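# Reading the structure
Spelled out, the chains give:
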Amino acid sequence: MFKRPVAIKSKNCFAVVKRKRDLLDSLLDENAAYPKRKWDQKRASSDLLSKSYSIKTYWNFKEWQVKERSLQCSAEVVSRGRSKDAKEDKARSLVLETLKQFDLLRRKVLRDGSDFGRRADLKAGMIMKRNNLRINEMKRVGPIPGIEVGDQFFFRIEMLVVGLHMQVQAGIDFIVAKESKFSEPVAVSIVASVGYDYDLNEGDTLIYTGQGGNVHKDDKIQEDQKLVRGNLALRNSHRQNLPVRVIRCYCKKNRKSDKIYTYDGLYQVEKIWNEKGRSGCLVYKFCLQRLCGQPQLVSAYALPSSSQD
């Protein structure tokens, strides 16, 4: 019976098969490893690019944020400036309108020929108070909105209706202790006008004589001034370093009834002392210095004398 020959595997055959398998395995390993290495390189490069792009985007965003913030700040500054200007213009218009109303009422009282004909300004002030036409009625330290340095008034009532000086006769206007946030009376404004002994009233320095004691009235009993009311308020303003509004009263020569009250700005009380006046009575003296950065005042008529009670 014919037997099919069996292939005898020689050493060479085994070696060839082994080499083939090794080659195949190596090819498989290389084909499996190559894409992996290539992918790693691509992924690393893409990661680096994305990182650099992210950093660049981040800093661009930061720069944009800074620019946006600066633009917003500048816009806020401009808007604040505009709103401040608009607010100041509104306050100024309100002051001028109030003074116009006062003048119209005063002229109407004069035309009607009432009992207040000689003091039509007082009657006009009463009408404005009754109809709530006054402005800036709450006393405050510092400037009054809408009132500028150099503004002129022909009556004390005019200063009262706009809140510049709330006293009809007294030369020192002050906030009482119960209404003051400093728990003591403080001065808000003074009127330097005819009345007391003339001391020094030149340039930016004012020597102001205190109120009380009738030291300027010959028909009344004169006495020493006391550190109360307006004098005490000025002393407290000196202690608290608070500014005081100064209104200078100018009058024509030989015509003391014709007065012009001119707002001179803010002053600081620098020094306080007392001395004997011309009448022989004790009077208080206050040295006030004008604050810097304010418009210069042009005097009307003539130099004012010192203060008035």
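Residues numbered from 1 in each chain as written. Predicted model: local features only at pLDDT ≥ 70, side-chain atom pairs only at ≥ 80, totals over all residues. Heavy atoms only, no water.

## Looking at unusual backbone geometry
The residue Asn132 is not glycine, and still its phi comes out positive at about 55°. Following the sequence through the fold, Asn132 ends up in the loop between helix H2 (120–130) and strand S1 (152–153). For Asn136, which is not glycine, the phi dihedral falls at a positive 55°. In this structure, Asn136 sits in the loop between H2 and S1. Residue class for Asn136 comes out buried when judged on its relative accessible area of 18%. (Helix = DSSP H or I, 4+ residues; strand = E, 2+ residues; numbered from the N terminus. Buried < 20%, exposed > 50% of the residue type's maximum accessible area, 1.4 Å probe, protein only.)

## A look at the packing of aromatic side chains
The final tally for this structure, using the stated rule, is 1 aromatic pair. Positioned over the ring face of Trp273 is Lys271, at 5.4 Å from the centre of the ring. (Phe/Tyr/Trp six-rings, centres within 6.5 Å; stacked < 30°, edge-to-face > 60°. Lys NZ or Arg CZ within 6 Å of the ring centre and 35° of its normal.)

## As for the nonpolar core
The biggest cluster of nonpolar side chains holds 24 residues, and the ones touching the most others in it are Ile147, Phe153, Met159, Val162, Leu164, Ile247 and Tyr261. Taken together, the elements giving at least two residues each to this core come down to helix H1 (11–112), H2, helix H3 (156–161), strand S6 (243–252) and strand S7 (255–276). Considering every element that reaches this core, the biggest residue donor is H1, with 5 residues. Non-local contacts of Leu164, meaning those with residues more than four positions away in its chain, are made with Ile144, Ile147, Phe153, Met159, Ser189, Arg245, Ile247 and Tyr263. In this structure, Phe174, Ala187, Val244 and Tyr284 belong to the second largest nonpolar core, which totals 16 residues. (Core = buried A, V, L, I, M, F, W, Y, C linked by side-chain atoms within 4.5 Å. Contact = heavy atoms within 4.5 Å.)

## A short note on the confidence of the model for the chain
Keep in mind that low pLDDT regions are not for reading the predicted coordinates in detail. In this model, the chain carries a mean pLDDT of 76, and residues with pLDDT of at least 70 account for 62%. Contacts of residues 1–11 to residues separated by more than four positions or lying in other chains number 1 contact, the stretch itself having pLDDT below 50. Note that residues 28–42 has pLDDT below 50 and, in this model, 1 contact with residues that lie over four places away or in other chains. (pLDDT = per-residue confidence, 0-100.)

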